[in-house]
There are 2 protein chains.
Amino acid sequence: MKKANVVIVGATGAVGQELLNILSERNFPINELKLCATSRSAGTEIEFQGRTYIVEETTATSFKGMDIALFAGGKASLEFSQAAVESGCVVIDNSSNYRMDPAVPLVVPEVNPEDVKWHKGIIANPNCSTIIMVVALKPIYDVAGIKRVIVSTYQAVSGAGKEGIEELTGQVKAVLNGQEYPPNKFSHQIAFNLIPHIDIFQDMDYTKEEWKMVKETQKIMRDEQVKITATTVRVPVYRSHSESINIETDRKLSAAEAKEVLAKAPGLIVQDDVANKVYPMPLFTSDKDEVFVGRIREDNTIENGLNLWVVGDQIRKGAATNTVQIAELLLKYDCLMEKR
Amino acid sequence: MKKANVVIVGATGAVGQELLNILSERNFPINELKLCATSRSAGTEIEFQGRTYIVEETTATSFKGMDIALFAGGKASLEFSQAAVESGCVVIDNSSNYRMDPAVPLVVPEVNPEDVKWHKGIIANPNCSTIIMVVALKPIYDVAGIKRVIVSTYQAVSGAGKEGIEELTGQVKAVLNGQEYPPNKFSHQIAFNLIPHIDIFQDMDYTKEEWKMVKETQKIMRDEQVKITATTVRVPVYRSHSESINIETDRKLSAAEAKEVLAKAPGLIVQDDVANKVYPMPLFTSDKDEVFVGRIREDNTIENGLNLWVVGDQIRKGAATNTVQIAELLLKYDCLMEKR
């Protein structure tokens, strides 16, 4: 099998670390590996499969001779993706910079793997909440069509990076000790609280996170007729995003049929045995690559209604796992670029 | 003004304590006050307005000469409400025992105050999540009609009483110290987790809590044509329940119109200034008697759609405040019973 030269941009962050874990776990066929980050993190030593790598500062020449660049997120792809593409290195970008660019495929391998094939050098990895939702929506869509989706999220603090995790821990301790710990990463105290506000506010008072769930889902599913409305909420949970999803399908699907369809779908695990208190919970879905679905119920307020409770690790399937899966598709479909 | 003889059944629990606070804060006109509880709590001393009361064991004779009995919850009303009514003492019951009884009014004073008038001795106080929701739904219903509601809840641990609070605190400390703290009050660990399961599972795999939000809302709003579907979730928050509510109205209501209508409604406070990061959060709505609403947005996936984020203290407005408000209506409408 062909082995690829892989560069990770942002190797020292939470997603970067997880990319390394997943490349290793999935035995991704690596020929040469290069780890890059900002100048601040350059020099950091990272172990990978028994070898020590020294993190380099990302520059325009970092991509020379490389096949695939995994960008962990942030602004780096704005600065360096063009240089990567010009070197013949395919960029898989975790940031939101190119997701809605019509020239860039936005890919969830369980949903639209073939979209990898028309890339022009950049492939975008969707928003974490969006990935987790579409993995559960797609099998329903395929058998019954989807008219409308109403989603309310319960998003973990690690969606805001390591600082989000530290803020929750520090703040919980402070509150229990009667001390102050002013919010920094989040707009308000997150310990023992909920914040119905993720990312900036945009059109119609929806947040950017809420619009991502609408527009990215339509692009990934290649169907703008699927109507979606979202309310996104930060919760004091470390890891894994949860979503309460109400779906109106085109044709009737019983709860039993929905369960059967979801159980057969790739990347999904049905946890729905309420008699034994089995349903997905963020504490137990973290560090897993699959999306978990339960509380599958018919919603009889409309003719073709369904309610689902969906949970997934937003750093794994919501970011790093999905990115590595896209890299695997690049090899499978043999659509790397010529090195220049 | 007429003063009433009031007995509290379950005076030593969380709701009982809050009933006392609220009777005092609202200057409820009390002539004689009697505090009752199970034999286990009998003998407890409780201060109220500068006097010390000794909690008595509830018996069939506890209601002799009393006008109003406030039952804090649980099974006590099954055992004692008949004795109370036979003594000519009106029962206001916080439990779910009589809520769906067609002979018992189910009352939220902001929504259906007049229903107090046809009581036959018992008036039921609705489920906490239901109360918080209907206070926000009613003003919308009155101006635009409501076809359908999709609600996802984020419910605080104090909904499960003092033990729920202790379990969250103990478990959070244990987790941070790397120790075990097995779940007891909740089905699973609640610290840093979400549990999509409140009360027992019933028809169609919905929980009893979810069905309460459907059936009680229809009864309170006196309209079974309002279709409701609910997903109820326990979150690691101490106090105040939050709800993401999607509404389909009969006639179009703009976000601006909805805000205006909600701002004028009794018992509701609009907190919706996203530019200044103002929206309701459970941390800041606790110990308040009002229901708070924000994130008011048009949902353009349907013709007449609205999204709201609603938060309220489930021990205050969701239980004790609503109970005392019903007692106030009994005096206002002069519909106490003849003592026997």
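Residues numbered from 1 in each chain as written. Chains lettered and ligands numbered in written order. Predicted model: local features only at pLDDT ≥ 70, side-chain atom pairs only at ≥ 80, totals over all residues. Heavy atoms only, no water.

Colleague: What am I meant to see in the overall build of chain A here?
Modeller: Along chain A, the regular secondary structure elements total 8 helices and 14 strands. For 340 residues, the compact-globule estimate of 2.2 N^0.38 gives 20 Å, and chain A sits close to it at 20 Å. With respect to the principal axes defined by its C-alpha atoms, chain A has extents near 60 × 55 × 40 Å. Residues counted as buried form 63% of the 340 residues belonging to chain A. A total accessible area of about 12,800 Å² is found for chain A, and carbon and sulfur atoms account for 47% of it. The centroid of the 38 positive side-chain charges in chain A is displaced by 2 Å from the centroid of its 45 negative side-chain charges. (Helix = DSSP H or I, 4+ residues; strand = E, 2+ residues; numbered from the N terminus. Rg over C-alpha atoms; globule rule 2.2 N^0.38 Å. Buried < 20%, exposed > 50% of the residue type's maximum accessible area, 1.4 Å probe, protein only. Areas by Shrake-Rupley, 256 points an atom, 1.4 Å probe, with all protein chains shown as cover. Lys, Arg positive; Asp, Glu negative; His and termini not counted. Charge placed at Lys NZ, Arg CZ, Asp CG, Glu CD.)

Colleague: Help me understand empty space enclosed by the protein, please; the structure alone is not making it clear to me.
Modeller: By rolling a water-sized probe across the atoms, one finds the places where empty space is left. Going through the model one piece at a time under the given rule, you end up with 4 cavities of 30 Å³ or more. When its volume is computed, the largest cavity comes out at roughly 100 Å³. Those elements that place two or more of their residues in the lining of the largest cavity are strand 9 (146-154), strand 10 (227-231) and strand 11 (241-249) of chain A together with strand 9 (146-154), strand 10 (227-231) and strand 11 (241-249) of chain B. Looking at the lining of the largest cavity residue by residue, the class counts come to 8 nonpolar, 12 polar and no charged. (1 Å grid on protein atoms, 1.4 Å probe; cavity = no way out; pocket = protein on both sides within 12 Å on 5 of 7 lines; lining within 4 Å. Points joined across faces, edges and corners; volume = space filled by probe spheres on them. Nonpolar A, V, L, I, M, F, W, Y, C, P; charged D, E, K, R; others polar.)

Colleague: Help me understand the packing of aromatic side chains, please; the structure alone is not making it clear to me.
Modeller: Both the distance between ring centres and the angle between the ring planes are used here to describe each pair of aromatic rings. All names here are of chain A. Evaluation of the coordinates by the stated rule reveals 15 aromatic pairs over all chains. Seen from their ring centres, Tyr-154 and Trp-309 are 5.0 Å apart, and the 75 degrees between their planes marks the pair as edge-to-face. Taken as a pair, Tyr-154 in strand 9 and Trp-309 in strand 14 (residues 305-312) lie far apart in primary sequence, 155 residues in all. Look at Trp-309 and you get buried, because its relative accessible area is 0%. We note Lys-117 situated over the ring of Tyr-333; from NZ or CZ to the ring centre the distance is 4.5 Å. (Phe/Tyr/Trp six-rings, centres within 6.5 Å; stacked < 30°, edge-to-face > 60°. Lys NZ or Arg CZ within 6 Å of the ring centre and 35° of its normal.)

Colleague: Looking at this structure, how should I read the domain arrangement of chain A?
Modeller: Residues and elements named next belong to chain A. Domains assigned within chain A are domain 1 (4-125 + 319-333) and domain 2 (130-156 + 194-312). For domain 1 versus domain 2, the separation of C-alpha centres amounts to 27 Å. The interface of domain 1 with domain 2 comprises 20 residues on the first partner and 15 residues on the second. Across the domain 1/domain 2 interface, buried area totals approximately 1,500 Å², and carbon plus sulfur atoms make up 59% of it. Ionic pairing is found between Arg-239 and Glu-18, a salt bridge with its closest N-O pair at 3.2 Å. Counting across the domain 1 and domain 2 interface gives 8 residue pairs in polar contact (both at pLDDT 80 or more). For the side of domain 1 that touches domain 2, the secondary-structure elements that each account for two or more residues are helix 1 (14-25) and helix 8 (316-332). (Domains from an automatic or database assignment. Contact = heavy atoms within 4.5 Å. Buried area = accessible area lost by both parts, 1.4 Å probe. Salt bridge = Lys/Arg side-chain N within 4 Å of Asp/Glu carboxyl O. Polar contact = N/O pair within 3.5 Å; in protein donor to acceptor, adjacent residues only side chain to side chain.)

Colleague: Quick question: what am I supposed to make of the pattern of salt bridges here?
Modeller: Two side chains with opposite charge may pair up if their charged atoms get near one another. Residue and element names in this part refer to chain A. With the rule as written, the count across this model stands at 46 salt bridges over all chains. Among the salt bridges present, the one from Asp-313 reaches Arg-239, with a minimum N-O distance of 2.8 Å. Here Asp-313 is found in the loop between strand 14 and helix 8, whereas its partner Arg-239 is found in the loop between strand 10 and strand 11, with 74 residues between them in sequence. Overall, the relative accessible area of 0% leaves Asp-313 in the buried class.

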